[in-house]
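Listed here are the chains, written in short residue letters.
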Amino acid sequence: MKRTLDWNKYLEKAAETVAEGIVMLKNDNNALPLDTSKTVSVFGRIQLHYYKSGTGSGGMVNVSKVTGIVDGLVDAGVKINEKLFDIYRQWDEENPFDQGDGWGGEPWNQKEMPLDESVVEEAASLSDTAIVIIGRTAGEEQDARLEEGSYLLTSTELDMLKKVRKHFKKVVVLLNVGGLIDLEQILECSPDSLLYVWQGGMTGGTGTAAVLTGKVSPSGKLPDTIAYKISDYPSDKYFGDKNKAVYKEDIFVGYRWFETFAKDKVLYPFGFGLSYTTFDIELTDVKNTENETIISVIVTNTGKFKGKEVVQVYCEAPQGRLGKPQMVLCAFEKTRELAPFEAHSMEIRVKHNDLASYDDSDGKNCWILEKGKYIFHIGNSVRNCTLQCSYEIENDKIIEQCSQALAPHAEFDRIRAVSSANGVSYVMEKAPLSKINEEKCRLDNLPAEIAYTGDKGIKLADVKNGKYTMEEFVAQLSDHDLSCIIRGEGMGSPRVTAGTASAFGGVSDALVKFGVPAGCCSDGPSGMRLDCGTKAFSLPNGTLIASTFNRKLVEELFEFMGTEMIANKVDCLLGPGMNIHRHPLNGRNFEYFSEDPFLTGHMASAELNGLHKIGVTGTIKHFCANNQETNRHFLDSIVSERALREIYLKSFEIAVKVGKAKTIMTTYGSINGLWTAGSFDLNTTILRDEWGFKGFTMTDWWANVNFRGHEPKRNYYVPMARAQNDVYMVCSDSSCIDEDIEAALKDGTLTRAELQRNAMNILGFIIDTHAMKRIMGEEDTVEIINRSEGDDASDEPVVFYEIEDNFKLDLSGVKSEKGKNHSFALIISKQGWYDVTITASSTQSPLAQIPVTIFAMGTASGTLTWNGTDGKPVALNCEIPFFSRFTAIRLYFAQNGLDLHSIEFRLVREADDMDLAFAEDN
Ligand code: BGC
């Protein structure tokens, strides 16, 4: 099939998403939309460094151009105070943007330009309106902090706000941030307008300008509650500990806590967001059927601007025996764009099963609808619901009987809501403990072994074509083949697109001979991370996407993403990230959607639907409860089964059942004493037996795995495979023999049948990918139109070196610098396949990822990724064919933090005439 990817339409769709995801919290004094005939003064150095996303794997998309807010405004015809802009530009040159050092080392904020009062005064004489941009980033390995420059403003930022407020008639504050930051100090400076513009990807400034100029009315709604103080968040007391995160707040996360127990602590409620216009919502009909309540409304635009509104339905369930949050989001729909006075009728469906609570009390372990009245509150935020209808249940109704799974092993107290004279209050109670025997659950569920047949000549394509069954195919695989297929190869495996995170499936020559293609995984939630420097589209971040509350729009955006993936031969995007915003300081909140599992699950499903339409998929991650970056590899989350089921697993359950997720990534950390990568409860009992998941699961990169009660370690395939976490990510060579697996198969700790089951999960997925189509010669082609090529070559002069069989080049003094290249060229007398070894060292953390991509003749030929080496030299290698006498080599650095020592080329096999002729033809 021939496909076309129109880059302009892609940009337009992304900008539309940005405009719909911006949340306007305040707009007084007619500050917005801007009067486009007047000059605007823009303050804050971030005007020169728009944060398109956060950092780490969720933000390393190489782009040729980022349209920042000033670019967007200028493109939209807004006159900018150029003198002020030049002052910032000059200061920025003298005080360069601090890239930080290596993986996770980028500072979460940048030094701000101190403002001279006279500069502000002069700017105010030229313009009535000031825009002040405050920026923050965040990402992997460290959380944000309750400190100046992180959650709080720096004194220079505060000083800037105060001075600008003093001199300007209208002040608009824009927060270019991944997640929430403190608003108390900002509001004390009384800006007229305040907007979370989030991180909007490479075209963020265009979408932001569309809102500022009034081309689009803001329609984004808060995916998180904004409390007055960070200490008001229910998880605050339990967040940040290095060893244990005890989830005492239980199911009372975000607005579930505030609306039930702490209404007065809320500054801006969940679901809140202003528009330039106003809307009236009228309830026209309610139908209660056995499984759902269908609510009909008419939304009318009652103001002077066009705009969209989000109708939100919250359920107030009877407190019953279990105790419930006062309000729980159970449905939402966004209108189309309505002109002034235009009306729109909508039907909103509430599925009754979505209202169930999980009873984790002794021996119950079921989803239940407790008897009583379920009141539906309808409105445009959790606090502004003026309409009501209800549904009555006469007797308790068990929706689904489950088995106890993932329950705590250590005692702790959790909150439970109880009815009281003044409404609802809470008590502390002991969370029910695990009573199951995990090993027995595994043994009771052991699959039957398929007898080994040896190679019968059956290829995977024969299974696809219906000639043989998958069982017949898998019967041919030896124990060693099975031990290879459960190990993904990477990062930067040459089996797949250069610079990507991993290859899976056809990761050994034997598997390739059986016709198993190598599937390709690439980070991440905001677009493809191609560490060789290849440019890709950078999308708005997860929090912005959630704020759109617009499933259709997000689905359309991800259809573009899917097509771009095919063009780059990528089968699985390593995203969406869909952990719950349990606490505002989690470093990766920017990748994730919301504090609410229903919104999270449905937005993730919208992304998956878009990708699935194109035949690629997204890997939902991190399964589950990855809610803190501090010590993420060793943190044990102690959580009740109820909180897991209703909050932290719920979003994934929706993505599996509604979004039909096909691939899942587990976490680095542990839940109730067992690292998720080796948890049978999580990967088998819940995911497959209860939810019916049919795809394959992978670990996070170099994740720890353990047996209960034992220390976790990396590359520990046995507990992983037994739990049915199918693939370990990642190994540098998946085809080598693993002694642990061999020993476990011998002594029965692991069965061949379990490996066959994992293999079938992987193969069942890969058989329906574009990777499979490619090896069957049925590849889709993608023509990209309207894309201007970014120049990513180095300007440095290239030195040529002559190479015989072996050649070693001293690289001492060369340091990896993010986004930069080191280039030279080779004169090769013997063409053929060379082993290329780079030796380098790093003082970064042992899990830092510092990739170096080797470009040969402009083609990315291999990516080698170092972790921290304790400062000691570590050699990594790959094989590269050099068929040309003159070969330019370019080393591209995607991160700082690596000291290079040398690069060595060793001839492995000389090319014969046929090889060279073939190379010339191609
Ligand atoms: C992150 C994952 C990511 C992986 C591959 C890990 O550090 O936690 O989300 O997909 O790296 O880059």
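The structure displayed is predicted, hence computed values, not measured ones. (Residues numbered from 1 in each chain as written. Predicted model: local features only at pLDDT ≥ 70, side-chain atom pairs only at ≥ 80, totals over all residues. Heavy atoms only, no water.)

A. The overall build of the protein, seen in detail. Along its length, the protein carries 24 helices and 45 strands. In summary, the protein has a C-alpha radius of gyration of 28 Å against a globular reference of 29 Å for 922 residues, a match within 12%. By its C-alpha atoms, the protein is 80 × 70 × 50 Å across when sized along the principal axes. Contacts in the protein between residues at least 24 apart in sequence constitute 78% of all its contacts with a sequence separation of at least 6. Carbon and sulfur atoms make up 48% of the accessible area of the protein, which amounts to about 33300 Å² in all. Of the side chains in the protein, 97 bear a positive and 131 a negative charge, and the two mean positions are spaced by 3 Å. (Helix = DSSP H or I, 4+ residues; strand = E, 2+ residues; numbered from the N terminus. Rg over C-alpha atoms; globule rule 2.2 N^0.38 Å. Contact = heavy atoms within 4.5 Å. Areas by Shrake-Rupley, 256 points an atom, 1.4 Å probe, with all protein chains shown as cover. Lys, Arg positive; Asp, Glu negative; His and termini not counted. Charge placed at Lys NZ, Arg CZ, Asp CG, Glu CD.)

B. Summary view of the nonpolar core. Core analysis: the largest hydrophobic core is formed by 257 residues, its most contacted members being Phe43, Tyr196, Tyr648, Trp701 and Phe905. Sequence-distant contacts of phenylalanine 905, that is, excluding residues within four places in its chain, are made with Ile803, Asp805, Asn806, Phe807, Phe824, Leu826, Tyr834, Asp835, Val836, Phe882 and Ile889. With 28 residues, the next largest nonpolar core counts Val297, Ala331, Ile378 and Tyr391 among its residues. (Core = buried A, V, L, I, M, F, W, Y, C linked by side-chain atoms within 4.5 Å. Buried < 20%, exposed > 50% of the residue type's maximum accessible area, 1.4 Å probe, protein only.)

C. Inspection of the sheet that holds strand β45 (residues 899–910) at higher detail. The strand order β38-β45-β40-β43 describes an open sheet built from 4 strands, whose pairing is antiparallel. At either margin of the open sheet sits one strand with a lone partner, and together these are β38 (806–810) and β43 (874–882). Along the sheet, successive strands turn relative to each other by an average axial angle of 15°, direction set aside. Bridge count for strand β40 (residues 832–841) against β45 is 10 bridges, and the pairing is antiparallel. The partner of threonine 837 across the bridge, within β45, is glutamate 904. (Pairing = 2+ DSSP bridges. Axes fitted to C-alpha atoms, helices over the stretch in contact; angles between N-to-C directions.)

D. Representation of helix α22 (residues 752–766) within the structure. With 15 residues, α22 ought to run about 21 Å at 1.5 Å a step, and its terminal C-alpha atoms sit 21 Å apart, in line with that. Here α22 lies mainly inside the structure; 13 of its 15 residues are buried. (Expected span 1.5 Å × (residues − 1).)

E. Quick look at the domain arrangement of the protein. For the protein, the domain assignment lists domain 1 (2–227), domain 2 (278–430) and domain 3 (800–918). One C-alpha centre belongs to domain 2, the other to domain 3, and the line joining them spans 57 Å. (Domains from an automatic or database assignment.)

F. Representation of the site of the ligand within the structure. If you check the shell around the ligand, you find 16 residues, and the closest are Glu140, Asp523, Arg588, His622 and Asp700. Separating an oxygen atom of the ligand from a side-chain N or O atom of aspartate 523 is a distance of 2.4 Å. In this structure, an oxygen atom belonging to the ligand sits 3.1 Å away from a side-chain N or O atom of tyrosine 668. Partitioning the shell around the ligand into residue classes produces 6 nonpolar, 3 polar and 7 charged. (Near = heavy atom within 4 Å. Polar contact = N/O pair within 3.5 Å; in protein donor to acceptor, adjacent residues only side chain to side chain. Nonpolar A, V, L, I, M, F, W, Y, C, P; charged D, E, K, R; others polar.)

G. Quick peek at helix α3 (residues 82–94). With 13 residues, α3 should reach 18 Å at 1.5 Å per residue; the first-to-last C-alpha distance of 18 Å fits that figure. The set of residues buried in α3 consists of Leu84, Phe85, Tyr88, Trp91 and Asp92. Take α3 and look down its axis: the buried residues cluster within an arc of 130°, on one side only. Turned more than 90 degrees away from the buried face of α3 sit Glu82, Glu93 and Glu94, all of them exposed. The inward-facing, buried residues of α3 abut β3 (39–43), α2 (69–75), β4 (79–80), α4 (117–126) and α5 (155–167). The N-capping residue of α3, defined by a side-chain oxygen 3.2 Å from the backbone nitrogen of lysine 83, is asparagine 81. (Arc of directions from axis to C-beta.)

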